[in-house]
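Observations on the model geometry
So you can see what is in the structure, the chains are spelled out below.
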Amino acid sequence: MHRSALSRRTAVAAATGTALTVLLSGCGLIGGDDSKTIKVGVSGDAQEWDTLVEEAKKEGLDVEPVSFDDYSLPNKALAAGDIDLNAFQHLVFLAQSNLENKTDIVPLSATTVAPMGIYSKKITKLQDLKAGAKIAHPDDPANEGRALHLLDRAKVIELKPGTGLYATPEDVAKNPKNVTFTPVNAQQTPRLLPDVDVAIINDGVASLAKIDAKSALFHDDPKDPAIRPYVNVIAVREGEKDNPDYAKIAKLYASKPVQDAHRRYANGTGVHLDLSQPELEKELDRVAQQLKK
């Protein structure tokens, strides 16, 4: 993380919810005297939020990004009230998290769709993928399913007809090159590149790892309607979705200064989508119904 970002962020890493609360308390993120600070959980640098902090000051809002290094933690922190919003996940991940943790977190607004790509340090085109190749992919159910659908569209594998968003290797109907799958934490996929034939990496993660998104052998099309479940969102506890200050933050994220910062820091990856809160909640409900089948 850049030094300037560190001066405005509190980095959080923990393995359990209890440890998370202890760390947040120790860092001054819960309790304290300043109850007006709006704390937003983010993943990695997310440097556009530094720009949003400055823009929010003009609106009389004090916004504090809180950086997490594990995707499993920001929703737990939000549900516990340790932070007020988070901005790191797409709708498929949110639906899975709500089900697993029995939480009621909803989308406040859309941020971007970050394409997912197939990357390699060993081949320059997918046609050269050898028999028995090793493929690293995210291990959480939401992103594992997306990765397998990506491989299906790239014609590396073929999924069974009717396979839903939460695909698993058991849904593979045809595997002509007999590839093997190595599931890892989504944020660790870039580190596996030297050890596998290809790795499936979300462009947001690729950008943080200084991987040029243009080097991907195959990419999602962010404008494809089938990718809408993977729109990233600012999320909020259901009972606070109408908070006017939070609405201001959502509007600020869509503003030109913040979007310009996002494009600059993310090397042009990610496409901003202007979707209403009701549209996003409807999509979340649709995704959640698939998960329950």
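Since the model is a prediction, treat every value here as computed from it, not as a measurement.

Right, let's get into the packing of helix H3 (residues 48-58) against helix H9 (residues 256-265). Running from N to C, H3 and H9 point in directions that differ by 160°, and their axes come no closer than 8 Å. For the element pair H3 / H9, the angle class is roughly antiparallel. For the pair H3 and H9, the sense of crossing is right-handed. Contact residues: Glu48, Thr51, Leu52 and Glu55 in H3; Pro257, Val258, Ala261, His262 and Tyr265 in H9. Split into classes, the residues belonging to the contact of H3 with H9 amount to five nonpolar, two polar and two charged.

The next thing to look at is the pattern of salt bridges. By the definition in use, this model includes 12 salt bridges. We note a salt bridge from Glu240 to Arg237, for which the minimum N-O separation is 3.1 Å. The class of Glu240 is partly exposed, set by a relative accessible area of 28%. Of the charged contacts in the structure, one is a salt bridge between Lys241 and Glu281, with a shortest N-O distance of 3.0 Å. A residue pair is termed long-range when its members are at least 10 positions apart, and Lys241 in the loop between strand S13 (231-237) and helix H8 (244-253) and Glu281 in helix H10 (residues 277-292) qualify at 40 residues.

What counts as what
- Residues numbered from 1 in each chain as written.
- Predicted model: local features only at pLDDT ≥ 70, side-chain atom pairs only at ≥ 80, totals over all residues.
- Heavy atoms only, no water.
- Axes fitted to C-alpha atoms, helices over the stretch in contact; angles between N-to-C directions.
- Helix = DSSP H or I, 4+ residues; strand = E, 2+ residues; numbered from the N terminus.
- Parallel < 35°, antiparallel > 145°, perpendicular 65-115°, else oblique.
- Left-handed = near helix turned anticlockwise from the far one by under 90°.
- Contact = heavy atoms within 4.5 Å.
- Nonpolar A, V, L, I, M, F, W, Y, C, P; charged D, E, K, R; others polar.
- Salt bridge = Lys/Arg side-chain N within 4 Å of Asp/Glu carboxyl O.
- Buried < 20%, exposed > 50% of the residue type's maximum accessible area, 1.4 Å probe, protein only.

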